[in-house]
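Summary of the model geometry
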Amino acid sequence: MPTKNQPIRRQPGWLDNAIFYEIYPQSFCDSNGDGIGDFEGIISKLDYIKELGCNAIWMNPCFESPFGDAGYDVSDYCKAAPRYGTNEDLKRLFGEVHKRDMHILLDLVPGHTSVEHKWFKESMKAEKNEFTDRYIWTDSVWEEPVGYGSLRGISDRDGSCAVNFFTHQPALNYGYYKPDRPWQQSIDSPGAIATREALKDIMRFWLGMGCDGFRVDMAGSLVKQDEDSKGTIALWQNIREFLDEEFPDAAMVSEWGEPDKSLQGGFHMDFLLHFGPSHYNDLFRCEEPFFSDRGKGDISEFVAKYKENYEKSERKGLICIPSGNHDMDRLARSIHDDNLKIAFAFLLSMPGAPFIYYGDEIGMRYVEGLTSVEGGFSRTGSRSPMQWDDTTNAGFSSAPKESLYIKLDESKDRPTAKAQMADESSLRSEIKRLIEIRQSHPALMNKGEIEFVYAEKGAYPLAYLRSSGDEKILVILNPADRETDFECDYALGEEVYSFGGKVQKQGKKIAVPAKTAAFIEV
Ligand code: NOJ
Ligand code: CA
């Protein structure tokens, strides 16, 4: 299966102006008072998401699972987890989303399953069967697959099974790019091909039911011993071919973090992540983040890497920068007050589809000191129930406090959606304005071009030009608590957005007041 030099795919039209909202279903809205969010609860909040201006949703895994990793340990790919509702309820959710002119991506976990998946149970058997090669097994329990950790000593089968993440998540077998042990299968071995075809069946099942595509978990991890990802790229190209034939409109977003590879694999978009080479953490999550008001951050390495990826992805808006997600510390753990607004002015003026993690729009905090829930560990504090209003359990659930899925933020001044919707100066209102501005200026939208104007080492502000056709908008962001300046030749025209102070130009020099964001036509 050689890698093809594939052009980047035509995107489904709706991705051109998609603004995503990530829903962690456990914690979003509980409709039946059992302490855990569900599909019906999500349906009841679709208007809230739409009102904010988001027109697309990524929902974390909602499939049957023992929940050792919050659902990233699937035991039945084609069955909704009963705690969220039935497949029929999920289908209804798709319909309700579409009725509002929105789209929804499910979370596809192709790299591993739960140990409770029937495929794994069959593959543990000593007798050969259809699932013997569904996972990566060595041929003796005394030999471990190098590098990935393993599950061993629990099966009649003599062998150790490779794992992909936690040790209860056995790795599915898509083959080795360069097999060098007898038990390592090649990417075109019957076992590896059967796994790939089974993955297509899962996609067929949900796309047929009406979902619009997938966010793909650990998309770059599938083929093993695959240094340059050539095997994994070829695998995804094969899957894209199947989609092109059967579901040409299916949107694919990868958790890969290396757009030069994922886009070649046929994904429409890739995320920048808190791991990998992107320098994403320099923005919001390091000792001195660029968007902190201390003004001691450094944006230059992020920008250098971004530019490199942007060129490699043919200057198309395909790189998604999330506000956060269920694996990262909440944005509000390190960025505060006005700086959250400036951080969103950045997120909502960059190319690629923005992703807003539920609750980030109201500055929900990281809940400190929680005991791990369902394999969350330090991530648990970023997964607490959505704070809707000031009623019982912040309007998340009518269950007794002790039976909530994760404890709520108990602070008296915790932000709520209701209060922020009523307050013109709230973070949520600012984000709503920013989204409106983005959606009414093609230059600011997902596929508008970007050129960095000022992004110097250790310096502020950050300035970049977004453009589409004749429209050119200069974005200037100064999160620092001091006035800064930079030089540029553009004559400043009308201000389409401003937050903080007034940007002034004298000669070539543009002075930017402390904690200011401005989008100016040039
Ligand atoms: C990435 C997911 O976002 C994370 O939550 C999960 O634990 C791992 N992949 C394993 O599936
Ligand atoms: Ca519920």
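You'll find the structure just up there.
We now turn to the structure provided with this report.

Basis of the calculations
Residue positions are counted from 1 within each chain, in the order its sequence is given. Chains carry letters and ligands carry numbers; both start at the beginning, A for chains and 1 for ligands, and go up in the order they are written. It should be noted that, the model being predicted, local features are given only for residues of pLDDT at least 70 and side-chain atom pairs only at 80 or more, the latter also being counted only at that level, while totals for whole chains, interfaces and linings use all residues. Each side-chain value is derived from all of the structure's non-hydrogen atoms; neither hydrogens nor water enter the calculation. Whenever Lys or Arg places a side-chain nitrogen within 4 Å of a carboxyl oxygen from Asp or Glu, that contact is recorded as a salt bridge. Numbering of helices and strands runs from the N terminus; a helix is a DSSP stretch of H or I covering at least four residues, while a strand is a stretch of E covering at least two. Three exposure classes are used, based on accessible area relative to the maximum for each residue type with a 1.4 Å probe and protein chains only: buried under 20%, partly exposed in between, and exposed over 50%. If DSSP finds at least two bridges between two strands, the strands pair. Interaxial angles span 0 to 180 degrees and are taken between N-to-C directions of axes, which are lines fitted to C-alpha atoms, for helices over the stretch in contact. Throughout, a contact is declared for two residues whenever any of their heavy atoms are within 4.5 Å. Left-handed describes a crossing in which the near helix is turned anticlockwise from the far one by less than a right angle; the clockwise case is right-handed. Three categories are distinguished: nonpolar for Ala, Val, Leu, Ile, Met, Phe, Trp, Tyr, Cys and Pro, charged for Asp, Glu, Lys and Arg, and polar for the others, with Gly belonging to the last. Donor criterion used throughout: N, O or S atom within 2.8 Å of the metal, extended to 3.2 Å for Na, K and Ca. Water excluded; incomplete-looking sites may result. Aromatic rings from Phe, Tyr and Trp, taking only the six-membered ring of Trp, are treated as a pair when their centres fall within 6.5 Å; an angle between ring planes under 30 degrees marks them as stacked, one over 60 as edge-to-face, and anything in between as tilted. By this rule, a helix spans an expected 1.5 Å times one less than how many residues it contains.

1. A short note on the pattern of salt bridges
The tally for this structure, following the rule as stated, stands at 45 salt bridges. Taking the shortest distance from any N to any O, the salt bridge between Glu-51 and Lys-432 comes out at 2.6 Å. You can see Glu-51 sitting in helix α2 (residues 46-52) and its partner Lys-432 sitting in helix α12 (residues 427-439), a full 381 residues away along the chain. We classify Glu-51 as partly exposed; its relative accessible area is 32%. Note on Lys-432: relative accessible area 23%, which makes it partly exposed. Note that Asp-327 is salt-bridged to Arg-379, the shortest N-O span being 3.1 Å. Pair noted here: Asp-327 is in the loop between β11 (319-320) and α10 (337-347) and Arg-379 is in the loop between β12 (355-357) and α11 (417-421), with a separation of 52 residues, a long-range link. Exposure remark for Asp-327: the relative accessible area of 19% places this residue in the buried category. One connected set of salt bridges, linked through shared partners, spans Asp-47, Glu-96, Lys-99 and Arg-100.

2. A few points about the sheet that holds strand β17 (residues 495-499)
Spatial strand order, β13-β14-β15-β20-β17: five strands in an open sheet with antiparallel pairing. Both edges of this open sheet fall to β13 (449-454) and β17, since each of them pairs with a single strand only. Recorded for the sheet is a direction-independent mean angle of 15° between the axes of neighbouring strands. Packed on one face of the sheet, helix α9 (residues 300-312) meets β13 and β14 (462-468) and runs near 150° to β13.

3. A word on the packing of helix α5 (residues 190-209) against helix α6 (residues 230-246)
In contact at an axis separation of 11 Å, α5 and α6 are set at 35° when each is read in the N-to-C sense. Taken as a pair, α5 and α6 cross one another with a handedness that is right-handed. Residue-level inspection shows Arg-196, Glu-197, Leu-199, Lys-200, Met-203, Arg-204 and Leu-207 of α5 in contact with α6, the latter providing Leu-235, Trp-236, Asn-238, Ile-239, Phe-242, Leu-243 and Glu-246. Of the residues assigned to the contact of α5 with α6, the class counts are eight nonpolar, one polar and five charged.

4. A short note on the side chain of Arg-196
Checked against the element boundaries, Arg-196 lands in helix α5. Accessibility expressed as a relative area gives 9% for Arg-196, which makes it buried.

5. Here's the deal with the sheet that holds strand β16 (residues 484-487)
Overall, antiparallel pairing links the three strands, which are arranged β16-β19-β18 in an open sheet. Looking at strand neighbours, the two that pair on one side only are β16 and β18 (504-506), the edges of this open sheet. Taking the axes of each pair of neighbouring strands and ignoring which way they run, one obtains an average angle of 25° across the sheet.

6. Regarding the coordination of the calcium ion (ligand 2)
For the calcium ion (ligand 2), every protein donor is listed as Asp-30 (OD), Asn-32 (OD1), Asp-34 (OD), Ile-36 (O) and Asp-38 (OD), and the spread of their distances is 2.2 to 2.4 Å. Sequence positions of the residues that donate to the calcium ion (ligand 2) give the spacing D-x1-N-x1-D-x1-I-x1-D. Asp-34 sits in the partly exposed class, given a relative accessible area of 37%.

7. Brief notes about the packing of aromatic side chains
Considering all chains together, one arrives at 38 aromatic pairs under this definition. Seen from their ring centres, Phe-28 and Tyr-358 are 6.3 Å apart, and the 90° between their planes marks the pair as edge-to-face. Of this pair, Phe-28 sits in the loop between β1 (20-23) and α1 (39-44) while Tyr-358 sits in the loop between β12 and α11, and the two are 330 residues apart along the sequence. With a relative accessible area of 0%, Phe-28 lands in the buried category. Taking 6.3 Å as the distance between ring centres and 80° as the angle between the ring planes, the aromatic pair formed by Trp-256 and Phe-267 counts as edge-to-face. Of this pair, Trp-256 sits in the loop between β9 (251-254) and α7 (259-262) while Phe-267 is found in the loop between α7 and β10 (269-271), placing the two residues eleven residues apart along the sequence.

8. Describing α5
Its 20 residues give α5 an end-to-end C-alpha distance of 29 Å, which sits within 8% of 28 Å, the value for a rise of 1.5 Å per residue. Within α5, the full set of buried residues consists of Gly-191, Ala-192, Thr-195, Arg-196, Ala-198, Leu-199, Lys-200, Ile-202, Met-203, Trp-206, Leu-207 and Met-209. One or two residues past the end of α5 sits Gly-210, with phi positive at roughly 120°.

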